[in-house]
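# Chain and residue survey
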Amino acid sequence: MNPVDGQTAPEVVLEARGLVRRFPMGKADVEVLRGVNFSVARGEFTAILGSSGSGKSTLLHVLGLLDRPDAGEVLWNGEALAAAGESRRAELRATESAFVFQFYFLLPEFTAIENVLIAAAIARGRGRAPASRKERHERAVELLERVGLKERMQHRPAELSGGERQRVAIARGLMNRPSILFCDEPTGNLDSRTAARIHELLQQVNADLGQTILAVTHEKVMAECARRRLVMRDGVIGEES
Ligand SMILES: Nc1ncnc2c1ncn2[C@@H]1O[C@H](COP(=O)(O)OP(=O)(O)OP(=O)(O)O)[C@@H](O)[C@H]1O
Ligand SMILES: [Mg+2]
């Protein structure tokens, strides 16, 4: 509780402090992230808008613990992870976060429901992931219904449209009740009508389940579906101008 106004301070799920990431290019290094600072509160739907090559995917990979920064640190739920070992980072990735990518990344030989169940298998009951086989199955069915795929659970990715594949990826992302759902150009591969329906779904997931979402995109319409918008420019994050 904030003693001054009696309001509860928003709980910070994710924090970036002075993130720097550089890559070798020819003889020099290119600094893609040049001191990124921002935080995400629980329940927020934030979009980061930036042009192609501005470093959005690089940022998301560092924030999602898929890559390490050259300087600065990432905190999840207040825990600083710069010095964390790979096993702790892997555990957190499996239980506290999920990714939705532009190209879905579903396993082609598995059905929709099996693709969703895989997230729970990896988490093995840790964190808020469903612990028993029965709970996992019930949650997978409930999520596939929520994303509108009640009749498609036994279909393989090749038998689903792009929009349906992304719905499976979103259901998979929600399986373990992650602290944060990272989305990298989630509608970049879809036509505008299908994209609009995925935007609606993400808004619903945020509003109905209170799911915290951080999406990066170069598409203005995608960014507009978020409640809070930031801009990535010259390696830093600013408020939308
Ligand atoms: N592993 C890497 N090695 C070298 N350079 C990299 C690497 N990853 C990214 N880069 C460079 O960093 C810059 C930012 O790339 P990034 O993929 O983060 O941009 P982006 O904003 O996601 O672009 P897009 O909108 O096209 O997806 C680019 O110049 C890219 O070539
Ligand atoms: Mg990218």
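All of the points below concern the structure found in this document. (Residues numbered from 1 in each chain as written. Chains lettered and ligands numbered in written order. Predicted model: local features only at pLDDT ≥ 70, side-chain atom pairs only at ≥ 80, totals over all residues. Heavy atoms only, no water.)

Further remarks concern the nonpolar core. F45, L144, I170 and L202 are the most contacted members of the largest nonpolar core, which totals 39 residues. Non-local contacts of F45, meaning those with residues more than four positions away in its chain, are made with L202, Q203, N206, I213, A215, M222, C225, A226, R227 and R228. L19, L33, L81 and F182 belong to the second largest nonpolar core, which has 28 residues in total. (Core = buried A, V, L, I, M, F, W, Y, C linked by side-chain atoms within 4.5 Å. Buried < 20%, exposed > 50% of the residue type's maximum accessible area, 1.4 Å probe, protein only. Contact = heavy atoms within 4.5 Å.)

Close contact between helix 3 (residues 112-123) and helix 5 (residues 162-174) brings their axes to 7 Å; oriented N to C, the two are set at 30 degrees. One element, helix 3, and the other, helix 5, form an angle in the roughly parallel class. Here the hand of the crossing between helix 3 and helix 5 comes out right-handed. Seen from helix 3, the contacting residues are A112, N115, V116 and A119; seen from helix 5, they are V168, A171 and R172. (Axes fitted to C-alpha atoms, helices over the stretch in contact; angles between N-to-C directions. Helix = DSSP H or I, 4+ residues; strand = E, 2+ residues; numbered from the N terminus. Parallel < 35°, antiparallel > 145°, perpendicular 65-115°, else oblique. Left-handed = near helix turned anticlockwise from the far one by under 90°.)

The complete set of buried residues in helix 3 reads A112, I113, N115, V116, A119, A120 and A123. The elements touched by buried residues of helix 3 are helix 2 (86-96), helix 4 (133-146) and helix 5. Of the residues one or two after helix 3, R124 is the one with positive phi, at around 50 degrees.

Within the structure shown, the criterion is met by 18 salt bridges. Between E11 and R42 there is a salt bridge whose closest N-O contact spans 2.9 Å. Of this pair, E11 sits in the segment before strand 1 (12-25) while R42 sits in the loop between strand 2 (28-41) and strand 3 (45-49), and the two are 31 residues apart along the sequence. Residue E11 is classed as partly exposed on the basis of its relative accessible area of 45%. In this structure, R146 and D208 form a salt bridge, with 3.9 Å as the shortest nitrogen-oxygen distance. (Salt bridge = Lys/Arg side-chain N within 4 Å of Asp/Glu carboxyl O.)

Time to look at the environment of L160. As for its position among the elements, L160 is in the loop between helix 4 and helix 5. When residues no more than four places from it in sequence are discounted, the contact partners of L160 are A112, R152, H155, R165 and V168.

On to the side chain of T95. Within the secondary structure, T95 sits in helix 2. Judged by its relative accessible area of 4%, T95 is buried. A distance of 2.8 Å separates the side chain of T95 from the backbone oxygen of E91, its partner in a polar contact. When near neighbours in sequence (up to four residues on either side) are disregarded, T95 contacts A123, R126, G127, N176 and P178. (Polar contact = N/O pair within 3.5 Å; in protein donor to acceptor, adjacent residues only side chain to side chain.)

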